Amino acid sequence: AKKQGKNRYFWFEEAMESELRFRSELETGIRRGIPRGEFVPFYEQQIDLDTGEIAGFEMLARWQSPTLGLVGPDVFIPVAEDIGVIAELSENLIDQALAHARDWDPALSLSVNISPIQLRDPWFAQKILKLLVKHNFPPNRLDIEITESCLHDNIGVVRSIITSLKNQGVTISLDDFGTGFSSLAQLRTLPFDRLKIDRSFVSELATEEHSDKLVRAIVSLGDGLDLPITAEGIEDTAILDKLRSMGRLKGQGYFYGRPESIAEVRARLSAAGKL
Ligand code: C2E
Ligand code: CA
Ligand code: CA
Ligand code: CA
């Protein structure tokens, strides 16, 4: 028994060690990958559910790692935040995305996700406006998605950033609505332009009675507050039909397609005469 315990200890230590090694390889890979252009925007269509037409795209970051392959943001965003390179990474991605979206039909919007850490930087709004000028990109085509976790610290700085951006015409969406601790209270803190209903409610819409009721309640809340709504996570026609019966919404999800590379986006838009 003693021997077994010892082996187990060694096994544990080895597992810890290899996890630490993986983590430090991730950190090095991310630092190196940014200037090498390994981080690229992918895009998910955002649809006007009434007409079925594309209204715009949400940029979702991907890492084309030479050793790991295509890596998703849930892996590298938290690490980039920890090691202090999230702002550099995000600006690099937004720079690329603005260059892409400039070529699209001017009616199409571009939504980007940002980290709470970026909203602690008093110069954030200026950085975004500088990129808009660089690409001669109309500010009202850019939408910034923020989550409730952005609103917890230093609300004064956050508010002044949001105000500067909105004064230039940039719109602000509250992402993952319904998942936070105080979603309703957050609606008072900032003048949002849109609510995005979290995927966890939408994906259960057709199968769970309480999700159906919750989504209906959020939609009527949006009506009452004059806040347009986007439903994320539309995976099938049953969900789509229910949403369409609730009002005039935008939506996105795997039903319309997975996030795509810029080459795929261009092919799609070109076929639709929107490039
Ligand atoms: P999010 O903003 O809530 O984005 C939606 C996520 O759900 C995306 O995952 C998307 O691919 C996925 N999704 C969309 N439709 C469906 C569906 O019908 N079914 C299911 N099961 N999933 C669907 P992804 O691309 O892995 O992104 C994960 C999260 O990473 C995003 O969640 C966002 O919070 C964050 N993220 C992505 N890009 C960036 C970025 O450039 N900066 C920052 N700070 N965060 C980012
Ligand atoms: Ca989002
Ligand atoms: Ca979301
Ligand atoms: Ca999310």
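Right, let's walk through the structure included here. (Residues numbered from 1 in each chain as written. Chains lettered and ligands numbered in written order. Predicted model: local features only at pLDDT ≥ 70, side-chain atom pairs only at ≥ 80, totals over all residues. Heavy atoms only, no water.)

## Quick word on the overall build of the chain
Link 1 in the chain: Check the secondary structure of the chain and you find ten helices and nine strands.
Link 2 in the chain: Its C-alpha atoms give the chain a radius of gyration of 21 Å, near enough to 19 Å, the size a compact globule of 275 residues would have.
Link 3 in the chain: Overall size of the chain, expressed as C-alpha extent along the three principal axes, is 65 × 50 × 45 Å.
Link 4 in the chain: For the chain, buried positions account for 45% of its 275 residues.
Link 5 in the chain: If you take every contact in the chain between residues at least 6 apart in sequence, the share linking residues at least 24 apart comes to 67%.
Link 6 in the chain: With the model as given, the accessible surface of the chain reaches about 14200 Å², and the carbon-plus-sulfur share is 52%.
Link 7 in the chain: Here the chain contributes 32 positively and 41 negatively charged side chains, and the mean placements of these two sets differ by 4 Å. (Helix = DSSP H or I, 4+ residues; strand = E, 2+ residues; numbered from the N terminus. Rg over C-alpha atoms; globule rule 2.2 N^0.38 Å. Buried < 20%, exposed > 50% of the residue type's maximum accessible area, 1.4 Å probe, protein only. Contact = heavy atoms within 4.5 Å. Areas by Shrake-Rupley, 256 points an atom, 1.4 Å probe, with all protein chains shown as cover. Lys, Arg positive; Asp, Glu negative; His and termini not counted. Charge placed at Lys NZ, Arg CZ, Asp CG, Glu CD.)

## Description of the site of ligand 1
Link 1 in the chain: In the neighbourhood of ligand 1, 22 residues make up the surrounding shell, with Glu44, Arg62, Asn113, Glu235 and Tyr254 lying closest.
Link 2 in the chain: Note that a nitrogen atom of ligand 1 is positioned 3.4 Å from one of the backbone N or O atoms of Ser115.
Link 3 in the chain: Bound to the protein, ligand 1 loses 85% of the 800 Å² it would expose on its own.
Link 4 in the chain: Using a 2 Å cut-off from the grid points, one finds that ligand 1 occupies the largest pocket.
Link 5 in the chain: Listed by contribution, the elements that provide at least two residues to the shell around ligand 1 are strand 2 (53-65), helix 2 (73-82) and strand 6 (171-177).
Link 6 in the chain: The element contributing the most residues to the shell around ligand 1 is strand 2, with four residues.
Link 7 in the chain: Of the residues assigned to the shell around ligand 1, the class counts are nine nonpolar, four polar and nine charged. (Near = heavy atom within 4 Å. Polar contact = N/O pair within 3.5 Å; in protein donor to acceptor, adjacent residues only side chain to side chain. 1 Å grid on protein atoms, 1.4 Å probe; cavity = no way out; pocket = protein on both sides within 12 Å on 5 of 7 lines; lining within 4 Å. Sits in = over half its atoms within 2 Å of the grid points. Nonpolar A, V, L, I, M, F, W, Y, C, P; charged D, E, K, R; others polar.)

## Overview of the coordination of the calcium ion (ligand 4)
Link 1 in the chain: Distances from the calcium ion (ligand 4) to its protein donors, Asp176 (OD) and Asp176 (OD), fall at 2.8 to 3.0 Å.
Link 2 in the chain: Separating the calcium ion (ligand 4) and the calcium ion (ligand 2) is a distance of 6.0 Å.
Link 3 in the chain: Relative to the assigned elements, Asp176 resides in strand 6. (Donors = N, O, S within 2.8 Å, 3.2 Å for Na, K, Ca; no water.)

## Here we look at the environment of Asp212
Link 1 in the chain: Within the fold, Asp212 resides in helix 8 (residues 209-224).
Link 2 in the chain: Separated by 57 residues in sequence, Asp212 and Ile155 have C-alpha atoms that sit 33 Å apart.
Link 3 in the chain: Excluding its chain neighbours within four sequence positions, the residues that come into contact with Asp212 are Leu205, Lys242 and Met246.

## A word on the coordination of the calcium ion (ligand 2)
Note on metal geometry: ideal angles are 109.5 degrees for four donors arranged tetrahedrally and 90 or 180 degrees for six donors arranged octahedrally.
Link 1 in the chain: At the metal site, the calcium ion (ligand 2) is ligated by Glu58 (OE), Asn113 (OD1), Glu145 (OE) and Asp175 (OD), and these contacts range over 2.1 to 2.3 Å.
Link 2 in the chain: Of note, the calcium ion (ligand 2) draws all its donor residues from one chain, in the sequence arrangement E-x54-N-x31-E-x29-D.
Link 3 in the chain: A separation of 3.9 Å is found between the calcium ion (ligand 2) and the calcium ion (ligand 3), both of which receive a donor from Asp175. With a gap of 55 residues between them, Glu58 in strand 2 and Asn113 in strand 4 (residues 109-113) connect regions that are remote in the sequence.

## Structural notes on the layout of surface pockets
Link 1 in the chain: A volume near 1100 Å³ is recorded for the largest pocket.
Link 2 in the chain: Around the largest pocket, the lining comprises 36 residues; the ones closest to its centre are Glu58, Leu60, Pro73, Asp74 and Asn113.
Link 3 in the chain: Counted by class, the lining of the largest pocket contains twelve nonpolar, eleven polar and 13 charged residues. (Points joined across faces, edges and corners; volume = space filled by probe spheres on them.)

## With respect to helix 5 (residues 155-167)
Link 1 in the chain: The terminal C-alpha atoms of helix 5 lie 18 Å apart, and with 13 residues this matches the ideal 18 Å at 1.5 Å per residue to within 8%.
Link 2 in the chain: Within helix 5 the residues assigned to the buried category are Val157, Val158, Ile161, Ile162 and Leu165. Each buried residue of helix 5 lies within a common arc of 130° when the element is viewed along its axis, so the set occupies one face. (Expected span 1.5 Å × (residues − 1). Arc of directions from axis to C-beta.)

## Some remarks on the packing of aromatic side chains
Link 1 in the chain: Per the stated rule, a full pass over the model turns up seven aromatic pairs.
Link 2 in the chain: On the basis of an interplanar angle of 80° and a centroid distance of 5.3 Å, the ring pair of Tyr43 and Trp104 is categorised as edge-to-face. You can see Tyr43 sitting in strand 1 (residues 39-48) and its partner Trp104 sitting in the loop between helix 3 (86-101) and strand 4, a full 61 residues away along the chain. Like Tyr43, the residue Trp104 is buried in the burial classification.
Link 3 in the chain: For the ring pair Phe255 and Tyr256, a centre distance of 5.1 Å and an interplane angle of 85° mean the geometry is edge-to-face.
Link 4 in the chain: The class of Tyr256 is buried, set by a relative accessible area of 18%.
Link 5 in the chain: Taken together through their ring pairs, the aromatic side chains of Phe39, Trp63 and Phe76 make up a single cluster. (Phe/Tyr/Trp six-rings, centres within 6.5 Å; stacked < 30°, edge-to-face > 60°.)

## Focus on the side chain of Glu58
Link 1 in the chain: On the basis of relative accessibility, which here comes to 5%, the residue Glu58 falls in the buried class.
Link 2 in the chain: In this structure the side chain of Glu58 is engaged in a polar contact, spanning 2.8 Å, whose partner is the side chain of Asn113.
Link 3 in the chain: Apart from the residues within four sequence positions on either side, Glu58 is in contact with Phe42, Tyr43, Glu44, Gln46, Ser111, Asn113, Glu145, Lys196 and Gln252.

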